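Each chain, letter by letter, is given below.
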Amino acid sequence: MAEHLLTVDGLAKRFRRGDSTVAAAEAISFHIDAAETLALAGPSGSGKSTVARLLLRLIEPDAGSVTFEGENWLALEGAPLRTHRAKMQMVFQDPLAAFNPRATVARVLDDPLRIHRIAPRAERPRRIAGLLERVGLSTDLAGRAVHEVSGGQRQRVAIARAIATKPSLIVLDEAVSALDVSVRGKILELLADLQRTDGIAYLFISHDLGLVRVFAHRVAILDGGRLAEQGDARAVIDAPQSAVGKALVAATPKLHGFTGQDAS
Amino acid sequence: MRGRFLQTPEAMAGTAILVLLATMALAAPLIFPGDPLRIAGPALVPPFQDWTLPLGTDRLGRDVLAELFHGARTSLVVGLAAAAASLAVGAVIGTLAGFAGGLADEALMRLTDAFQTVPGFLLALAFVSIVGPSLSVVVMAIALSAWTGPARIARAEVLSIRERDFVAGARVVGMHPLEIAFREVLPNALPPVLALSSIIVAQAILIEAALSFLGLGDPNRVTWGGMVAEGRTVLRTAPFLSIVPGIALVVTVLGVYLAGEGAVESAAVKKGLS
């Protein structure tokens, strides 16, 4: 069996709600190969974001194993975990909430370069400019506050921050859902381009199957914290087997080429 | 922001008082050079009699106006230093407690409880009488009890801020937890903590005056509290000796409150508009 970039096996998380516990994720198993996009789709509350947060160690799972780049990802703690975080990054849904309200664009991009000792202090402004150019932004933006730039630009800054540490996997948690349709297309193009040139794998979390069909290689559909089905993106979306898959496909707007539902 | 800040009459009055006070404090060595505690004329000259000594002299013939000016220095220095110290200590402890959570939170908050349950003035009194009266000890003594308020507010703010996405973002980037706490979270938790500063400054000025009144102030400095105490022995024959510094204290505390209220108000308006 070939080694996958990321292998998730039997991941589970329960949250306490009052006296009882609710399973936010149960027996989640999937894998992602290098330079591959796996979409995680499902209705609201199906556990998509929980899986993302579990993978990034923002919350700890109750059970299961995660192997990332051949290492036991869940066994990492403290300083080794912080070092390894360089390889797995995340882009959040709300580009405004994802940044310190006081930060400038330059500071946001400086942090990963400094923390992971990617470039010495004197060289960092040049690296920041390079990152901004890579995501299609003007280098003049560096001195601006993050809250001053537009939503689309902000999400590009988030992508620049994510690629600053040269990760092999980026988790995109509804990363384009809050953007308007024209901006969304351009961001998806940028992401696809980064995948081609740098071989980055994506875990693309979305509730929009139209987007998933064009952007992802494979899809896993979640329902109530469990995997309902997974497989080739086009095959699953064109002929869903599970009830929730059928419901999601039926809910996708039928207009040709139209993929824009507003973010929930 | 400045324009809006000065719009309410209270804020204007408060600011005017503070500006006047700061000018008095800064100008004291220029207008009244030399030791304000030296004898300047006959004893117990009432105010408005001799225009070289406009507010008269005290029991030992010291110039009351000079003492008042030099006393403003002590009051302002103690008020600002004590507030700065207690805000800094409180913000750091509150941030650590809120961000770390669990056992560290529990321990730090019980420590805060312990300090909060002892009356602040008694704590200051005990501290000064053990360590000995000097300006820096008085500042520490006041900060010792005043940091608990800022600590509680900082903790409450941090508890809500630490759940925000940008904190998760900082963790994903691999930032050290201490850096997240003090560089990402603390600056965003500060505004409501700083709103406390006027109350703390005013309290500090009053505590300092009370300590001086009890003879526990720095003996080498003129303080308004010390002047009130000094006048107490001749309260019947020369009440002005206690009344003048008393008025100065009341006006100062009022000015600090009013200016502080104005600042909080204008910050609230600013928040509401954005």
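Residues numbered from 1 in each chain as written. Chains lettered and ligands numbered in written order. Predicted model: local features only at pLDDT ≥ 70, side-chain atom pairs only at ≥ 80, totals over all residues. Heavy atoms only, no water.

K.L.:
Describe the overall build of chain A, and please don't skip the residues or the numbers.
P.N.:
When helices and strands are counted, chain A shows nine helices and 10 strands. A compact globule built from 264 residues should have a C-alpha radius of gyration of about 18 Å, and chain A, at 18 Å, falls within 12% of that. In terms of principal-axis extent, the alpha carbons of chain A reach across some 55 × 45 × 45 Å. Taken over 264 residues, chain A has a buried fraction of 52%. (Helix = DSSP H or I, 4+ residues; strand = E, 2+ residues; numbered from the N terminus. Rg over C-alpha atoms; globule rule 2.2 N^0.38 Å. Buried < 20%, exposed > 50% of the residue type's maximum accessible area, 1.4 Å probe, protein only.)

K.L.:
Lay out the packing of helix α3 (residues 64–100) of chain B against helix α4 (residues 102–117) of chain B with the relevant residues and their values.
P.N.:
Residue and element names in this part refer to chain B. For the pair α3 and α4, the least separation of the axes is 7 Å and the interaxial angle reads 145°. Judged by the twist between their axes, the crossing of α3 over α4 is left-handed. Within the contact between the two elements, α3 uses Ile-93, Leu-96, Ala-97, Gly-98 and Ala-100 and α4 uses Gly-102, Ala-104, Asp-105, Leu-108 and Met-109. (Axes fitted to C-alpha atoms, helices over the stretch in contact; angles between N-to-C directions. Left-handed = near helix turned anticlockwise from the far one by under 90°. Contact = heavy atoms within 4.5 Å.)

K.L.:
Could you give an account of the pairing of strand β7 (residues 169–173) of chain A, naming the residues involved and the relevant values?
P.N.:
All names here are of chain A. Counting buried positions along β7 yields five of five residues, so the element is predominantly enclosed. Residues of β7 alternate between two faces, with Leu-169, Val-171 and Asp-173 on one and Ile-170 and Leu-172 on the opposite face, all of them buried. The pairing of strand β6 (residues 88–91) with β7 spans four bridges and is parallel. Bridging across to β7, Val-91 finds its partner in Leu-172. Direction of pairing for β7 relative to strand β8 (residues 201–206): parallel, over a ladder of five bridges. Each residue of the ladder has a partner; that of Asp-173, found in β8, is Ile-205. With helix α6 (residues 181–198) bridging β7 and its parallel neighbour β8, the resulting β-α-β unit is right-handed. (Pairing = 2+ DSSP bridges. Right-handed = clockwise from strand over helix to strand, strands pointing away.)

K.L.:
Could you give me a rundown of the packing of aromatic side chains, with the residues and numbers involved?
P.N.:
By the definition in use, this model includes six aromatic pairs over all chains. In textbook terms, an aromatic cluster arises when at least three aromatic residues are bridged by ring pairs, as seen for Tyr-202, Phe-204 and Phe-215 of chain A. (Phe/Tyr/Trp six-rings, centres within 6.5 Å; stacked < 30°, edge-to-face > 60°.)

K.L.:
Tell me about the pattern of salt bridges, and name the residues and values.
P.N.:
Scanning all chains against the criterion turns up 28 salt bridges over all chains. Here Asp-111 of chain A and Arg-183 of chain B are joined by a salt bridge, their closest N and O atoms 3.2 Å apart. You can see Asp-111 of chain A sitting in helix α3 (residues 105–115) and its partner Arg-183 of chain B sitting in helix α9 (residues 177–194), one on each of two chains. With a relative accessible area of 7%, Asp-111 of chain A lands in the buried category. Here Asp-193 of chain A ties to Arg-196 of chain A by a salt bridge, and the two come within 3.6 Å at their closest N and O atoms. With Asp-193 of chain A and Arg-196 of chain A both in helix α6 and three residues apart, the pair spans about one turn of that helix. (Salt bridge = Lys/Arg side-chain N within 4 Å of Asp/Glu carboxyl O.)

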